[in-house]
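Results of the structural survey
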Amino acid sequence: ARLVVLVSGSGTNLQALLDAATPSFGAVVVAVGADRDGIEGLARAERAGVPTFVERVADHAGRDEWDEALAGKIAAYKPDLVVSAGFMKILGHRVLDSFPVVNTHPALLPSFPGAHAVRDALAYGVRVTGCTVHLVDTGVDTGPVIAQEAVPVREGDDEETLHERIKTVERRLLVEVVGRMAREGWTVSGRRVRLGRA
Ligand code: GRF
């Protein structure tokens, strides 16, 4: 399966997919897209010899025009699956109607959606948080859940220590899910996603 991965930052989830992409994995990263220049995620792609593209919202009249342009950039690589891994923009209809998109989120959705999930969970005082891999719909972190795993909050955690503990789990879960989707396919009925041939 052909993967296009979308990033906005350090790209350690992307790196996990790049490292996993052996022939038996069943998926290869064919391109990496970002909403901004100069991020480590793009450097990781370049080091791996993977083509990259950047589509900045600020370069367009509005979100719909950006969404259209991003969909075009993604389509050029003919992906079977798009993986949003730390991509910090809400994807619009043109992208979502054109490709299946999987996202990884550093909280147990529906708890703590949005861009500050780890900070919000810490502030709330939860003892257990985690990560969620889900299909993307037009909402913010509202798509059908594919997989989740719990991560304990420890005394003295700050946002960074907790997020890194979550990311350690997240990278493994994302690779596992993307590999299975690539090898086995998936079906969606309502809010239930089943991996494996229908
Ligand atoms: C991940 O925890 C992702 O869930 C969140 O931002 C982080 C991105 O990390 N949206 P990286 O860029 O993959 O290292």
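Conventions we followed
Residues numbered from 1 in each chain as written. Predicted model: local features only at pLDDT ≥ 70, side-chain atom pairs only at ≥ 80, totals over all residues. Heavy atoms only, no water. Helix = DSSP H or I, 4+ residues; strand = E, 2+ residues; numbered from the N terminus. Buried < 20%, exposed > 50% of the residue type's maximum accessible area, 1.4 Å probe, protein only. Areas by Shrake-Rupley, 256 points an atom, 1.4 Å probe, with all protein chains shown as cover. Lys, Arg positive; Asp, Glu negative; His and termini not counted. Charge placed at Lys NZ, Arg CZ, Asp CG, Glu CD. UniProt positions renumbered as here; feature names shortened; annotations may be inferred. Contact = heavy atoms within 4.5 Å. Polar contact = N/O pair within 3.5 Å; in protein donor to acceptor, adjacent residues only side chain to side chain. Axes fitted to C-alpha atoms, helices over the stretch in contact; angles between N-to-C directions. Parallel < 35°, antiparallel > 145°, perpendicular 65-115°, else oblique. Left-handed = near helix turned anticlockwise from the far one by under 90°. Nonpolar A, V, L, I, M, F, W, Y, C, P; charged D, E, K, R; others polar. Pairing = 2+ DSSP bridges. Phe/Tyr/Trp six-rings, centres within 6.5 Å; stacked < 30°, edge-to-face > 60°. Core = buried A, V, L, I, M, F, W, Y, C linked by side-chain atoms within 4.5 Å.

**Considerations on the overall build of the protein**
Of the regular secondary structure elements, the protein holds six helices and nine strands. Projected onto its principal axes, the C-alpha positions of the protein cover 45 × 40 × 35 Å. Across the 198 residues of the protein, 46% fall into the buried class. In the form shown here, the protein has an accessible surface area of approximately 9,500 Å², with 51% of it arising from carbon and sulfur atoms. Placing the 23 positive and 26 negative side-chain charges of the protein at their respective mean positions leaves the two points 5 Å apart.

**Considerations on the UniProt feature "active site" (unreviewed entry) in the protein**
Under the feature "active site" (unreviewed entry), the UniProt entry names H105. By the element assignment, H105 lies in strand 5 (residues 101-105). What makes H105 buried here is its relative accessible area of 3%. Once residues lying within four places of it in the same chain are set aside, the contact partners of H105 are F112, P113, G114, A117, G130, C131, T132, H134, D141 and E170.

**Quick word on the UniProt feature "site: Raises pKa of active site His" (unreviewed entry) in the protein**
Within the UniProt annotation, "site: Raises pKa of active site His" (unreviewed entry) is assigned to D141. Checked against the element boundaries, D141 lands in the loop between strand 6 (128-135) and strand 7 (145-152). A relative accessible area of 16% places D141 in the buried class. Discounting chain neighbours no more than four positions away, the residues touching D141 are N103, H105, L109, P113, G114 and H134. For D141, the side chain forms a polar contact with the side chain of N103, separated by 3.4 Å.

**Digging into the packing of helix 1 (residues 12-20) against helix 6 (residues 159-184)**
Any two packed helices are characterised by how steeply their axes cross, that is the angle between the axes, and by the distance between the axes. Two numbers describe how helix 1 lies on helix 6: the axes approach to 9 Å, and their chain directions differ by 45°. Our classification of the angle between helix 1 and helix 6 gives oblique. The crossing of helix 1 and helix 6 is right-handed. Facing helix 1, whose interface residues are T12, N13, A16, L17 and A20, helix 6 presents K167, E170, R171, L174, V175 and V178. Each residue belonging to the contact of helix 1 with helix 6 can be placed in one class, and the counts come to six nonpolar, two polar and three charged.

**A few points about the sheet that holds strand 3 (residues 52-54)**
Ordered by their spatial adjacency, seven strands build an open sheet running 3-2-1-4-5-6-7, and the pairing between neighbours is mixed. Edge strands, defined here as strands with exactly one partner in the open sheet, are strand 3 and strand 7. Averaged over all pairs of adjacent strands, the angle between their axes in this sheet comes to 20°, without regard to strand direction. The sheet contact formed by strand 6 and strand 7 spans seven bridges and is antiparallel. If you follow V133 over to strand 7, its bridge partner there is A147. Helix 2 (residues 40-47) rests against strand 1 (2-7), strand 2 (28-34) and strand 3 of the sheet, and its axis sits at about 155° to strand 3.

**A few points about the packing of aromatic side chains**
Aromatic rings in a pair are described by how distant their centres are and how their planes are angled relative to each other. Going through the model one piece at a time under the given rule, you end up with three aromatic pairs. On the numbers, 5.9 Å between centres and 15° between planes, the contact of F53 with Y77 is stacked. Of the two residues, F53 sits in strand 3 while Y77 sits in the loop between helix 3 (63-75) and strand 4 (81-84), which places them 24 residues apart along the sequence. Ring plane angle 65° and centroid distance 5.9 Å describe the contact between F112 and Y124, whose orientation is recorded as edge-to-face. Here the residue F112 occupies a position in the loop between strand 5 and helix 5 (117-124), and Y124 occupies one in helix 5, the gap between them amounting to twelve residues. Judged by its relative accessible area of 17%, F112 is buried. A relative accessible area of 65% places Y124 in the exposed class.

**Re the nonpolar core**
Looking at soluble globular proteins, one finds that nonpolar side chains tend to be buried together. Counting residues in each nonpolar core, the largest one holds 38 residues, and the members touching the most others are L17, V29 and V83. Going through the elements one at a time, strand 1, helix 1, strand 2, helix 2, strand 4, strand 6, strand 7 and helix 6 are the ones with two or more residues in this core. Counting residues per element, this core draws most heavily on helix 6, at nine residues. Residue contacts for L17: discarding those within four places in its chain leaves V5, F25, V29, V83, L174, V175 and V178. Listed in part, the 16 residues of the second largest apolar core include A31, V82, V95 and F99.

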